[in-house]
Amino acid sequence: MALVDHWPLFGLCVRTPRLELRYPDDDLVAEVAEVAVQGIHEPGFRPFLSAWDEVPPPHQQRNTLQHLWSMRGSWSPTSWKCGLVVVAHGQAIGLQTVLAKSFATRRTVKTGSWLGQAHQGRGYGTEMRAAVLHLAFSGLDAIRAESGAWHDNAASLAVSRRLGYVENGDEWLLRGDEPDREIRLVLTRERWAQRRRHDIELVGLEPCLPFFGAAEADWLLP
Ligand SMILES: CC(C)(COP(=O)(O)OP(=O)(O)OC[C@H]1O[C@@H](n2cnc3c(N)ncnc32)[C@H](O)[C@@H]1OP(=O)(O)O)[C@@H](O)C(=O)NCCC(=O)NCCS
């Protein structure tokens, strides 16, 4: 049997006219790790909770590898994190993550993302979020998607607003050693449906549905 027969997520792909979100094999994991090393943000601006990308090679690549491997290794239908590599023109350009706890009952996902700096500001951020929302709402039958961004992350906040999210309060979190304000955002199924696209294709999803807790799970067999 092939790897994809045991772990059908390897066959999962969300395809839009401009890009694909692919569940990565190890070659693609290594490729996206190199994209991160080229830079994700200006020095001094930290868009993430931790400084995982602010360490020199080869430590940074190892951070990315371990991050994606840990998502794979810790997956269960009741608690999953799905890191999808963004591929445009045949090349990895970033990462779009979608995660959930108790999805079978809560039907709620969270997302996080980054693009290599060379690929930012060209609409890919909006396109990849639209793609992952299509996976969540159309493919997995979610009812709610949540996101968050630091108050000064204009690009991330603009992506969310453009796709119909509304603000849902804020939270004071540690950004490095200092507390700072993260803006919470939520997109309901109703608001997604008003803006949904019909040009996004889900490939290889059916055998993955039990993995997401989105179909009867055969996961916990005796
Ligand atoms: C956040 C991110 C994924 C957005 O992707 P992107 O491809 O740069 O964004 P887009 O080109 O799709 O632009 C989306 C919107 O943001 C606006 N925007 C883009 N870059 C901007 C910037 N530096 N400042 C202000 N607005 C910006 C665009 O004008 C657009 O607005 P519009 O929809 O009103 O026209 C990307 O910038 C990124 O990876 N940033 C660093 C990592 C990060 O911040 N991740 C998110 C953590 S919460």
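These remarks concern the structure in this document. Bear in mind the structure is a predicted one, so any value in this text is a computation, not a measurement.

Conventions adopted
Residues numbered from 1 in each chain as written. Predicted model: local features only at pLDDT ≥ 70, side-chain atom pairs only at ≥ 80, totals over all residues. Core = buried A, V, L, I, M, F, W, Y, C linked by C-beta atoms within 7 Å. Buried ≥ 20, exposed ≤ 12 C-beta atoms within 10 Å, placed from the backbone. Helix = DSSP H or I, 4+ residues; strand = E, 2+ residues; numbered from the N terminus. Contact = placed C-beta atoms within 7 Å. Near = placed C-beta within 6 Å. Nonpolar A, V, L, I, M, F, W, Y, C, P; charged D, E, K, R; others polar. Pairing = 2+ DSSP bridges. Right-handed = clockwise from strand over helix to strand, strands pointing away. Expected span 1.5 Å × (residues − 1). Arc of directions from axis to C-beta. Axes fitted to C-alpha atoms, helices over the stretch in contact; angles between N-to-C directions. Parallel < 35°, antiparallel > 145°, perpendicular 65-115°, else oblique. Left-handed = near helix turned anticlockwise from the far one by under 90°.

### Overview of the nonpolar core
Ranked by internal contacts, the top residues of the largest apolar core, which has 49 residues, are Val 32, Val 86, Ala 131, Val 132, Leu 133 and Ala 136. Counting residues per element, the ones that place at least two in this core are helix 2 (26-37), strand 3 (79-88), strand 4 (91-101), strand 5 (108-115), helix 5 (124-139) and strand 8 (178-188). Here Val 86 is in contact with Leu 19, Leu 21, Ala 92, Ile 93, Gly 94, Leu 95, Gln 96, Leu 115, Tyr 124 and Met 128, once residues within four sequence places are set aside.

### Regarding the site of the ligand
Pro 47, Gly 125, Ala 154, Ala 155 and Ala 158 are the nearest of the 21 residues found near the ligand. Elements supplying a minimum of two residues to the shell around the ligand: strand 5, helix 5 and helix 6 (154-162). Considering every element that reaches the shell around the ligand, the biggest residue donor is helix 6, with six residues. Of the residues that constitute the shell around the ligand, the class distribution is 10 nonpolar, nine polar and two charged.

### Some words on the pairing of strand 5
Moving residue by residue along a regular strand, the side chains alternate between the two faces of the sheet. Alignment of strand 4 against strand 5, held across six bridges, turns out to be antiparallel. When the bridges of strand 5 are listed, Leu 95 appears paired with Trp 114. Pairing geometry for strand 5 and strand 6 (residues 144-150), over three bridges, is parallel. Each bridged residue has a counterpart across the sheet, and for Val 109 the counterpart in strand 6 is Ala 145. Chirality of the crossover, the property in question, places the unit of strand 5, helix 5 and strand 6 among those that are right-handed.

### With respect to helix 5
Between the first and last C-alpha of helix 5 there are 21 Å, a value that for 16 residues agrees with the 22 Å anticipated at 1.5 Å per step. Burial within helix 5 is extensive, with 14 of its 16 residues counted as buried.

### Brief notes about the environment of Phe 103
Mapped onto the fold, Phe 103 is located in helix 4 (residues 103-106). The spatial distance from the C-alpha of Phe 103 to the C-alpha of Ser 113 is 20 Å, given a sequence separation of 10 residues. Aside from chain neighbours lying at most four places away, what touches Phe 103 is Phe 212, Gly 213 and Ala 214.

### What to know about helix 2
Along its 12 residues, helix 2 runs 17 Å from first to last C-alpha, staying within 8% of the 16 Å computed at 1.5 Å per residue. Within helix 2, burial applies to Val 29, Val 32, Ala 33, Val 35 and Ala 36. Along the axis of helix 2, the buried positions cluster into a sector of 155°, meaning they face one direction only. Of the surrounding elements, those touching the buried residues of helix 2 are helix 3 (59-73), strand 3 and strand 4. In the segment just after helix 2, Gly 39 is the residue with positive phi, at about 115°.

### Remarks on the packing of helix 2 against helix 3
Packed helices, taken two at a time, are described by the angle their axes make and the gap between the axes. The N-to-C vectors of helix 2 and helix 3 enclose an angle of 135°; their axes lie 9 Å apart at closest approach. Classified by the interaxial angle, the pair formed by helix 2 and helix 3 is oblique. Considering the relative orientation of helix 2 and helix 3, their crossing is right-handed. Between helix 2, through Val 29, Val 32, Ala 33, Glu 34, Ala 36 and Val 37, and helix 3, the contact on the second element is made entirely by Gln 60, Gln 61, Thr 64, Leu 65 and Leu 68. Residue composition of the contact of helix 2 with helix 3, grouped by class: seven nonpolar, three polar and one charged.

### A word on the sheet that holds strand 5
Within a sheet, each strand pairs with its neighbour through backbone hydrogen bonds, oriented either parallel or antiparallel. Here we have nine strands laid out as an open sheet, ordered 7-8-6-5-4-3-2-1-9, and mixed in their pairing. If you trace the sheet from one side to the other, it starts and ends with strand 7 (166-175) and strand 9 (201-203), each paired once. Recorded for the sheet is a direction-independent mean angle of 25° between the axes of neighbouring strands. Pairing between strand 1 (residues 13-15) and strand 2 (residues 20-22): three bridges, direction antiparallel. Note on strand 2: the bridge partner recorded for Val 14 is Leu 21.

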